[in-house]
Amino acid sequence: MSADRSFLKDNRQAAWVLVVVLLFVLVYLGSLTFVYIEGDDAATVAYHIMGRNRDLQIPYAPYHGMMDVVLSTFPADQNTLLTGAVLITGVSTVIMTVLMLALAFDWVGEVSWSQKLLIAALVLLASPEFFYLGLVYSPASVAMCLVLAAHLILRYRSRDAGLPGRWPVVLSLLLFGLGVSFRWSVLVYGAVIALDLLVGVGRRLDRSRLVFVVGWGVAALVASVLAILISGYGPQEILSSTQSTVSYVAGQAGGQQVESGPAISFRTLTTLLSLFTPAFAIFFMVGLVVMLRRRDARLWLLVVGLAGVAPYLTSGVPKFLITAIPAVLLCAVEGFVTVWYRLAPARWELIARVAAAVVVIVPWFLGVLVTQEGSAWGPGFEIRPYDRDEVEGTDIGLTIGSGAALPSPEGGRAFFGHFFTFGGGWRALYTELAAEYDTAVQQAVENNIPLVMMRWSPSYITNALVAARFITGDAYGRMLPPDDYFVERRFFNLDGQVITFLYHETEGEGDEDDVKQLCALAALSDRVVLDGYPRFVRGLYEQAPGAFQRLGSTSAIVDLGQLCK
């Protein structure tokens, strides 16, 4: 009988994992779709379907090197690669979330199995960003799975046995180095692991522990460099890629270049709303106050975690902050436990529970509609076409439904109303946007006119052309003379038809120089198929509405003769 009770107790302790998996399955059933979402996925697939020939197509980024190694084992088929890549990172996001919660539970200490069930459910509902991360191709989720596993192995062995034995250490180093090779930026999470081994495992800090932590840190760095080398990149590429990535991301806010501090703050806050919802922010702040009042040494984990992502804080993109999320989750879980279980007297506990439940659940059903002058995003989870009737000012309202789509480099995030977004809004929007690229290619082929792409990523069109059975021998990045404004590639099919594809990314509104460069293309054709960022296409349309034949919300057949009058 005692063995049976022990078995039941062990299984109850793990029951919260089933809650996490079930919630993800429900979201994936309603939302997961195997189309390109944000360009990184298209660029990654393009490299592989073009034969992994770097003269024809470079990899998306060196810092995803090991993911490319994994995808190189797949056949060079677009649907297979995209489906496999999305499934790998989607499943990894589930595992990553489980490991983060397991770490938070271990950090917090005595939490019963029934409390873990409730905490796991409400924390995920309070921060739907975990679900959004799983809907987008993201090797960072694979990387975090591996480094979190390394962390938990070391933590469990340090807690139970003082210092980990040889094999747990070796396994942790292998997992950590492999994780970094999937996304180089997770290397900074090593500082969180090291600090946790010093102050967070409940063991006395002595010379042997300090020596062990320093030794493990050096070995982890070596393991990471070796894994990156195995993935195909050398020291010079490591340095140059890291420098350019930090510089690029540090200049972003909400996925767009901005000119002022207030804009950065506003866009950062809005794009972080799916992570720091009102409920999650309250739990986090309560936990932070509780830990400050008792001078909890584990707060240094939060400090180190945030320091590691400091260059990315203004981006407002949760994926870039992912190495700090475990420590943030620690504070949130501590706050939830305080609000839900530790308040006295009993009447305050009941009021707190009801209030917390309302703040968690309401944003899932009540969305915020936003119609803003000059913005194509909204009023719901949608993009309005470039030829829309313009509005003045900003109109904000509420709806029982999905809120406005907030643009970010990792796909849109709903301004609340997440139940309806995950129930079909996400899939409808991105299926529609993906279909635009197929339509653009179809119209270019049928009308035998050039394709012009003025946004990231050119691989949207490259992949659609390959799917339409076109190939190219032109080198990647070949510039069109004389101005070297456009990248030019020519694609041809077995019937001998040639399609010219021109690419230049601009976030402007169709200024004089952009129009001049487009007008120069009249030497190639009097019409082009054009796709660009919403503000760019809208800006051109306002200059010459009669030149545009709409194909989608951000694409059109443009008569250059009328545009250039």
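None of these values were measured; they are calculated from a predicted model. (Residues numbered from 1 in each chain as written. Predicted model: local features only at pLDDT ≥ 70, side-chain atom pairs only at ≥ 80, totals over all residues. Heavy atoms only, no water.)

### Some thoughts on the overall build of the protein
Here's step 1: Scanning the protein from terminus to terminus reveals 22 helices and ten strands.
Here's step 2: The globule rule puts the C-alpha radius of gyration for 565 residues at 24 Å, and the 25 Å found for the protein is close to it.
Here's step 3: Dimensions of the protein, computed from the C-alpha atoms along their principal axes, are close to 80 × 55 × 50 Å.
Here's step 4: Counting only residues that meet the buried cut, the protein has 55% of its 565 residues in that class. (Helix = DSSP H or I, 4+ residues; strand = E, 2+ residues; numbered from the N terminus. Rg over C-alpha atoms; globule rule 2.2 N^0.38 Å. Buried < 20%, exposed > 50% of the residue type's maximum accessible area, 1.4 Å probe, protein only.)

### Quick look at the sheet that holds strand S7 (residues 498–503)
Across a sheet, strands are paired by hydrogen bonds formed along the backbone, either parallel or antiparallel in direction.
Here's step 1: Spatially, six strands are ordered S6-S7-S5-S8-S10-S9 in an open sheet, and the strand pairing comes out mixed. Edge positions in the open sheet fall to strand S6 (487–492) and strand S9 (548–550), since each of these has one partner strand only. Strand-to-strand twist across the sheet, computed as the mean angle between neighbouring axes with direction ignored, equals 25°.
Here's step 2: Bridge count for strand S5 (residues 451–454) against strand S8 (residues 527–532) is four bridges, and the pairing is parallel. Each residue of the ladder has a partner; that of Met454, found in S8, is Gly532.
Here's step 3: Across the sheet, helix H21 (residues 534–543) lies against S5, S8 and S9, angled at about 140° from S8, the strand it touches most. (Pairing = 2+ DSSP bridges. Axes fitted to C-alpha atoms, helices over the stretch in contact; angles between N-to-C directions. Contact = heavy atoms within 4.5 Å.)

### Observations concerning the nonpolar core
Here's step 1: Met100, Met144, Val333, Leu451 and Leu465 are the most contacted members of the largest nonpolar core, which has 148 residues in total.
Here's step 2: Looking at this core, the element that brings in the most residues is helix H5 (residues 78–108), giving 16 residues.
Here's step 3: Contacts of Val333, omitting those with residues within four sequence positions, involve Ala104, Phe105, Val108, Ile119 and Val123. (Core = buried A, V, L, I, M, F, W, Y, C linked by side-chain atoms within 4.5 Å.)

### Some words on empty space enclosed by the protein
Here's step 1: Using the criterion set out here, one finds three cavities of 30 Å³ or more in the structure.
Here's step 2: Of the pockets and cavities examined, the largest cavity occupies roughly 60 Å³. (1 Å grid on protein atoms, 1.4 Å probe; cavity = no way out; pocket = protein on both sides within 12 Å on 5 of 7 lines; lining within 4 Å. Points joined across faces, edges and corners; volume = space filled by probe spheres on them.)

### Points about the confidence of the model for the protein
Caution applies to low-pLDDT regions: their predicted coordinates should not be interpreted in detail.
Here's step 1: For the protein, per-residue confidence averages 88 on the pLDDT scale, and 92% of positions sit at 70 or higher.
Here's step 2: Low pLDDT, under 50, characterises residues 253–264; the stretch is placed with 29 contacts to residues that sit more than four places away or in other chains. (pLDDT = per-residue confidence, 0-100.)

### What about the packing of aromatic side chains?
Here's step 1: Applying the stated rule across the entire model yields 28 aromatic pairs.
Here's step 2: A centroid spacing of 5.1 Å and a plane angle of 85° characterise the contact between Trp16 and Phe105, whose relative ring orientation is edge-to-face. Separated by 89 residues along the polypeptide, Trp16 in helix H2 (residues 15–31) and Phe105 in helix H5 bring together distant segments of the chain. Here Trp16 and Phe105 have matching classes, each one buried.
Here's step 3: Grouping aromatic residues by their ring pairs yields a cluster made of Phe24, Tyr28, Phe131, Tyr132, Trp364, Phe381, Phe422, Trp426 and Tyr430. (Phe/Tyr/Trp six-rings, centres within 6.5 Å; stacked < 30°, edge-to-face > 60°.)

### Some thoughts on H21
Here's step 1: Taken across its ten residues, H21 has seven buried, putting it largely inside the fold.
Here's step 2: Of the surrounding elements, those touching the buried residues of H21 are S5, helix H20 (512–520), S8, S9 and helix H22 (560–563).

### So, a negative patch on the surface
Here's step 1: A surface patch of negative charge is lined by Asp483, Asp484, Asp511, Glu512 and Asp513.
Here's step 2: Take Asp484: it is sitting in the loop between helix H19 (459–467) and S6.
Here's step 3: Accessibility expressed as a relative area gives 45% for Asp484, which makes it partly exposed. (Patch = residues over 30% accessible without salt bridge, like charges linked within 9 Å, V, L, I, M, F, W, Y side chains within 5 Å. Areas by Shrake-Rupley, 256 points an atom, 1.4 Å probe, with all protein chains shown as cover. Salt bridge = Lys/Arg side-chain N within 4 Å of Asp/Glu carboxyl O. Lys, Arg positive; Asp, Glu negative; His and termini not counted. Charge placed at Lys NZ, Arg CZ, Asp CG, Glu CD.)

### Brief notes about unusual backbone geometry
Here's step 1: With an omega of 0°, the peptide bond running from Gly378 to Pro379 counts as cis.
Here's step 2: Mapping Pro379 onto the fold places it in the loop between strand S1 (366–372) and strand S2 (394–400).
Here's step 3: The phi dihedral of Phe416 is positive, around 70°, even though this residue is not glycine.
Here's step 4: Here Phe416 shows up in the loop between strand S4 (413–414) and helix H18 (418–447).

### Considering the packing of helix H10 (residues 189–199) against helix H11 (residues 207–230)
Here's step 1: With their axes 10 Å apart at the nearest point, H10 and H11 run at an angle of 170° to one another. In terms of their interaxial angle, H10 and H11 are classed as roughly antiparallel. The interaxial crossing formed by H10 with H11 has right-handed handedness. Contact with H10, carried on its side by Gly190, Ile193, Ala194, Leu197 and Leu198, involves Arg209, Leu210, Phe212, Val213 and Trp216 of H11 and no other residues of that element.
Here's step 2: Partitioned by chemical class, the residues of the contact of H10 with H11 number eight nonpolar, one polar and one charged. (Parallel < 35°, antiparallel > 145°, perpendicular 65-115°, else oblique. Left-handed = near helix turned anticlockwise from the far one by under 90°. Nonpolar A, V, L, I, M, F, W, Y, C, P; charged D, E, K, R; others polar.)

### A look at the side chain of Arg413
Here's step 1: With respect to the element layout, Arg413 can be found in strand S4.
Here's step 2: Of the polar contacts made by the side chain of Arg413, one reaches the side chain of Glu129; its length is 2.9 Å. (Polar contact = N/O pair within 3.5 Å; in protein donor to acceptor, adjacent residues only side chain to side chain.)

### Overview of the state of the cysteines
Here's step 1: Across all of its chains, the model carries one disulfide by this definition.
Here's step 2: The residue that forms a disulfide with Cys519 is Cys564, at a sulfur-sulfur distance of 1.9 Å. For the disulfide bridge between Cys519 and Cys564, the dihedral angle about the S-S bond is near -105°, and by the sign convention the bridge is left-handed. Of this pair, Cys519 sits in helix H20 while Cys564 is found in the segment after H22, placing the two residues 45 residues apart along the sequence.
Here's step 3: For Cys564, a relative accessible area of 30% corresponds to the partly exposed category. (Disulfide = S-S within 2.5 Å.)

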